[in-house]
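# Coordinates in review
Residue strings, one per chain:
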Amino acid sequence: MVSENLLKIKSTLPESVTLVAVSKTKPVSDIQEAYDAGHRTFGENYPQEMRDKHEVLPQDIQWHFIGHLQTNKIKYIIPYVTLIHSIDSANLLEAVNKEAKKHERVVDCLLQFHIALEETKFGLDLDEARQLLDSEAFKTMENVRICGVMGMATFTNDEAEVRKEFKYLKEIFDTLKTEYFANQPQFKEISMGMSEDYLIAIEEGATMVRVGSKIFGARNYNK
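So, here's what we can say about the structure. (Residues numbered from 1 in each chain as written. Predicted model: local features only at pLDDT ≥ 70, side-chain atom pairs only at ≥ 80, totals over all residues. Heavy atoms only, no water.)

## With respect to the overall build of the protein chain
A count of helices and strands for the protein chain gives nine helices and eight strands. Taken against the 2.2 N^0.38 rule, which gives 17 Å for 223 residues, the C-alpha radius of gyration of the protein chain at 17 Å falls within 12% of a compact globule. Of all 223 residues assigned to the protein chain, the portion counted as buried reaches 51%. Look at the contacts in the protein chain between residues 6 or more apart in sequence, and 59% of them connect residues 24 or more apart. Of the accessible surface of the protein chain, which amounts to about 10900 Å², a share of 49% is contributed by carbon and sulfur atoms. For the protein chain, the distance from the average position of its 27 positive side-chain charges to the average position of its 35 negative side-chain charges is 3 Å. (Helix = DSSP H or I, 4+ residues; strand = E, 2+ residues; numbered from the N terminus. Rg over C-alpha atoms; globule rule 2.2 N^0.38 Å. Buried < 20%, exposed > 50% of the residue type's maximum accessible area, 1.4 Å probe, protein only. Contact = heavy atoms within 4.5 Å. Areas by Shrake-Rupley, 256 points an atom, 1.4 Å probe, with all protein chains shown as cover. Lys, Arg positive; Asp, Glu negative; His and termini not counted. Charge placed at Lys NZ, Arg CZ, Asp CG, Glu CD.)

Listed below in structure tokens is the structure:
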């Protein structure tokens, strides 16, 4: 079932788009099935859960952390995480840099932007991102690498609203690319789009989509 769903989703993606299979709350057996079908990139929301899965699953899996990250939980993921999608403050980036230094790693990160109507979602605005990138503190960070942006659209059936928000995130990406990362080829990722709206996200410029329920089935919130 998981492998069939996975291949169905992959068949809808351009080669230029990375699929992050969102495996949060899902058992190791489901991830192993997706792995056996050839998939290597998985997204998790909870640091301890991600650590526990990393310990028992194949070591060539690329683990993407996509949830809200608390500074006291960074230590659980830094030794092996491939990409952190959810840097939503200067303090968090500093804390990631500090922990990455302990492990002699440079950790790839995306800046998360608040593009939705819902106030409950996390993220920077463009002014806050500029303050972060202009800061002296950022200029001394040698153990993090900014590779792009991430955002979550409003949870709504209004396709026009969702499209507008994705379009706005692409504009933020273009602005930051021009102002800060023009000569840095690693700054190329736009992580947006989930199970219900990933096709719209791709049309609006996504390079990464985070798909969970369409691969693994409905989430288990009682875990």
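## Some thoughts on the packing of aromatic side chains
Within this structure, the stated rule accounts for four aromatic pairs. Both rings, one in Tyr180 and one in Phe181, keep their centres 6.4 Å apart while their planes meet at 55°; by these two values the pair is tilted. What makes Phe181 buried here is its relative accessible area of 4%. Here Phe181 and Phe187 contribute two aromatic rings whose centre-to-centre distance is 4.1 Å and whose plane-to-plane angle is 0°, an arrangement assigned as stacked. Site record: aromatic cluster; members linked through ring pairs are Phe173, Tyr180, Phe181 and Phe187. Here the basic side chain of Arg40 rests over the ring of Tyr35, its NZ or CZ set 3.6 Å away from the ring centre. (Phe/Tyr/Trp six-rings, centres within 6.5 Å; stacked < 30°, edge-to-face > 60°. Lys NZ or Arg CZ within 6 Å of the ring centre and 35° of its normal.)

## Some details on the packing of helix H5 (residues 126-134) against helix H7 (residues 159-180)
For the pair H5 and H7, the least separation of the axes is 12 Å and the interaxial angle reads 25°. Of the possible angle classes, the one that applies to H5 and H7 is roughly parallel. For the pair H5 and H7, the crossing hand works out as right-handed. Of the residues in H7, those in contact with Leu126, Arg130, Leu133 and Asp134 of H5 are Ile172, Thr175, Leu176, Glu179 and Tyr180. (Axes fitted to C-alpha atoms, helices over the stretch in contact; angles between N-to-C directions. Parallel < 35°, antiparallel > 145°, perpendicular 65-115°, else oblique. Left-handed = near helix turned anticlockwise from the far one by under 90°.)

## Considering the environment of Gly151
One can find Gly151 in strand E6 (residues 144-151). Setting aside anything within four residues of it in sequence, one finds Gly151 in contact with Phe113, Ile115, Leu169, Ser191, Met192 and Arg210.

## A closer look at the state of the cysteines
Throughout the structure, instances matching the rule amount to zero disulfides. The thiol of Cys109 is unpaired, and the distance to the nearest cysteine sulfur, on Cys147, comes to 7.6 Å. Since its relative accessible area comes to 5%, Cys147 is described here as buried. (Disulfide = S-S within 2.5 Å.)

## Here we look at the pattern of salt bridges
Overall, the coordinates contain 17 salt bridges when judged by the stated rule. Here Arg163 ties to Glu204 by a salt bridge, and the two come within 2.8 Å at their closest N and O atoms. Taken together, the residues Arg163 in helix H7 and Glu204 in the loop between helix H8 (198-203) and strand E8 (208-211) connect sequence positions 41 residues apart. Arg163 gets classed as partly exposed once you look at its relative accessible area, which sits at 22%. Note that Lys167 is salt-bridged to Glu204, the shortest N-O span being 3.2 Å. Taken together, the residues Lys167 in helix H7 and Glu204 in the loop between H8 and E8 connect sequence positions 37 residues apart. (Salt bridge = Lys/Arg side-chain N within 4 Å of Asp/Glu carboxyl O.)

## Structural notes on the nonpolar core
Core analysis: the largest hydrophobic core is formed by 63 residues, its most contacted members being Ile84, Val96, Phe113 and Leu176. Top contributing element to this core by residue count: H7, with six residues. Discounting residues that sit within four places of it in the chain, Leu176 has contacts with Leu111, Phe113, Leu126, Leu133, Val149, Phe181 and Phe187. The next biggest cluster of nonpolar side chains, apart from the first, holds six residues, and it includes Val20, Leu110, Met150 and Met208. (Core = buried A, V, L, I, M, F, W, Y, C linked by side-chain atoms within 4.5 Å.)

By themselves, these observations are geometric and do not establish any function.
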